[in-house]
Amino acid sequence: MKLIIRSIILSAAIGLAACSPRFDWRETRSNDAPFSILMPGKALSDTKSMQLEGVDVKMTMLAGEAGGVSFAVGSTKLADVGHAGLIMEAMKKGMIRNVQGNADNTRVTPEGDVEVRGKLRNDVPVLMVGRFLIRGPWVYQIVILGPEKAVSRDVIDTFMTSFKTN
């Protein structure tokens, strides 16, 4: 009986931690791309034109921050779907480069996420977890970036698994 009570208390504690006010998860939909995701708080959106691997793209970033951790979804719609793999790899390489990623501090998780224990330009250590996807003409990057101690597996799983294309 004591084991059952402990299990219930532990389950409740884990549930409460995942729903803590620090991460006020709410479903967010993009106005520019066909997806929804749980974001911790109100997300802001910005669109910029850029070149990736010589291809002109309009990249829209939907991003928010909570508890010292940044959450973002980048999306771009390609006129030529044949460039999708090239663009996705460019997004991935760019994010890894942004946190000084290399072969020693970068790994691919069993879920297919890219995980980098790197540094920002000011040498602050961070954990960056990114998922890079192609869905029809759309290329997406779903990214969490923050101090390693603030980026728990529950937070990563909540954010990454909530991403849905419409």
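Residues numbered from 1 in each chain as written. Predicted model: local features only at pLDDT ≥ 70, side-chain atom pairs only at ≥ 80, totals over all residues. Heavy atoms only, no water.

## Topic: the pattern of salt bridges
Heads up, the condition is: The working definition used for a salt bridge is a side-chain nitrogen of Lys or Arg within 4 Å of a carboxyl oxygen of Asp or Glu. Buried, partly exposed and exposed residues are distinguished by accessible area as a fraction of the type maximum, computed with a 1.4 Å probe on protein chains only: under 20%, between the cut-offs, and over 50%, respectively.
Evaluated as defined, the whole model comprises 10 salt bridges. The salt bridge involving R29 is made with E27; its shortest N-O contact spans 3.3 Å. Using a relative accessible area of 49% as the deciding quantity, one classes R29 as partly exposed. Here E27 falls in the exposed class, since its relative accessible area comes to 53%. For D46, the salt bridge goes to K48, with nearest N and O atoms at 3.9 Å. Here the salt bridges share partners, and the residues they tie into one network are R107, E115, R117, E148, R153 and D157.

## Details of the sheet that holds strand β10 (residues 164–165)
Applicable threshold: Between any two strands, pairing holds if DSSP finds at least two bridges. Secondary structure elements follow DSSP: runs of H or I no shorter than four residues count as helices, runs of E no shorter than two count as strands, and numbering proceeds from the N terminus. Contacts between residues were defined by any pair of non-hydrogen atoms, one from each residue, lying within 4.5 Å. In this analysis an axis means a line fitted to C-alpha atoms, helices contributing only their contacting stretch, and an angle means the value between N-to-C directions, from 0 to 180 degrees.
Here 3 strands make up an open sheet; going across it, the order is β1-β2-β10 and the pairing antiparallel. A single partner strand is all that each edge strand has here, and the edge strands are β1 (25–29) and β10. When strand β2 (residues 35–40) meets β10, the two strands line up antiparallel, connected through 2 bridges. Following the sheet pairing, F35 is matched in β10 by T165. Its contacts with the sheet put helix α3 (residues 153–162) on β1, β2 and β10, and the angle it makes with β2 is roughly 160°.

That is the geometry; function is a separate question.
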